[in-house]
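Understanding the architecture of this molecule
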Amino acid sequence: MLEGFPGAFFVKGVLVGLAIAAPVGPTALILVRRTLARGWPAGLATGLGAGTADAIYGLVAVAGLSLIGDFLMAERGWLAFIGGVILVTLAIVSWRSHIADRINEKSLTVVGLAGHYFSILILTLANPMTLLSFVAVMVAIGALPEEGENLTTASAYDYHFVLQLVLGVLVGSVGWWFFLVALSLAMRKRLSQQWLHSFNRVCAVGLLLFGGYVLVEAMRWAVE
């Protein structure tokens, strides 16, 4: 598919970014809640952070950075524990706060936006299993020659294609998150404060469940 097309690897990267970002997970809940509570700047900062993390994992997957990949998989227990703690903390904060109250607060500062960006970046990078998802999706769409092979070891590929793929992943992932931001803003205008409060509670429960699952996985990996 797309073979011979000058931007084929960029398009494949976009497809990978969409495939990785689209499934509903904690990142989506966090992004939607932040957009509802603090507006589009918070949503865009969160989306950029998630997209950056996806691009980093995409680079590790396609460029054959085995040392980083091995480290992430070897330390996945600690990384997962950190991610789980972050998710549980966000769940507690979400449950105790009210979206309607946050809407009336002053606009976010640069420091606040940076906090949204880096918090989701760290949370996403704390899940090294994403790396395996990238490899699986890339093999499925033909972005990698065959399972277990990376672009730098295949004679038909070079760093130019690596750059195309990574940029494509960034565009695809960020594009999906920005779409969710727009959808959340449209929903924000139509929901009453009671519905916003209920949705906030649903997000909190969802984050708590995700966090609990991640912590259980962290303990399982720690004893392996």
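Read on for an overview of the structure. (Residues numbered from 1 in each chain as written. Predicted model: local features only at pLDDT ≥ 70, side-chain atom pairs only at ≥ 80, totals over all residues. Heavy atoms only, no water.)

Position of Ser 198 among the secondary structure elements: in helix H10 (residues 193–223). C-alpha separation for the pair Ser 198 and Trp 95, spaced 103 residues apart in sequence, amounts to 10.0 Å. (Helix = DSSP H or I, 4+ residues; strand = E, 2+ residues; numbered from the N terminus.)

Take the pattern of salt bridges next. Summed over the entire model, instances satisfying the criterion amount to one salt bridge. Put simply, Glu 217 and Arg 220 hold a salt bridge, and the shortest N to O gap is 2.7 Å. Of this pair, Glu 217 and Arg 220 both sit in helix H10, three residues apart, roughly one helical turn. For Glu 217, a relative accessible area of 14% puts it in the buried group. (Salt bridge = Lys/Arg side-chain N within 4 Å of Asp/Glu carboxyl O. Buried < 20%, exposed > 50% of the residue type's maximum accessible area, 1.4 Å probe, protein only.)

With that settled, consider the packing of aromatic side chains. Evaluated as defined, the whole model comprises two aromatic pairs. With 4.9 Å between their ring centres and 90° between their planes, Tyr 117 and Phe 118 make a pair best called edge-to-face. Centroid distance Trp 176 to Phe 179: 5.5 Å. Interplanar angle 40°. Geometry classified as tilted. Taken together, the residues Trp 176 and Phe 179, both in helix H9 (residues 159–190) and three residues apart, mark about one turn of the helix. On the accessibility criterion, Phe 179 (44% relative accessible area) is partly exposed. Looking at Arg 201, its charged tip hangs above the ring of Trp 95, at a distance of 4.0 Å from the centre. (Phe/Tyr/Trp six-rings, centres within 6.5 Å; stacked < 30°, edge-to-face > 60°. Lys NZ or Arg CZ within 6 Å of the ring centre and 35° of its normal.)

Glancing now at the layout of surface pockets. Counted as a void, the largest pocket has a volume near 690 Å³. If you go around the largest pocket, you meet 27 residues; those closest to its centre are Gly 25, Pro 26, Thr 27, Asn 127 and Thr 130. Secondary-structure elements contributing two or more residues to the lining of the largest pocket are helix H1 (8–21), helix H2 (26–38), helix H3 (40–62), helix H5 (76–96), helix H7 (110–125), helix H8 (129–141) and H10. The leading source of residues in the lining of the largest pocket is H10, at five residues. Grouping the amino acids of the lining of the largest pocket by side-chain chemistry returns 18 nonpolar, seven polar and two charged. (1 Å grid on protein atoms, 1.4 Å probe; cavity = no way out; pocket = protein on both sides within 12 Å on 5 of 7 lines; lining within 4 Å. Points joined across faces, edges and corners; volume = space filled by probe spheres on them. Nonpolar A, V, L, I, M, F, W, Y, C, P; charged D, E, K, R; others polar.)

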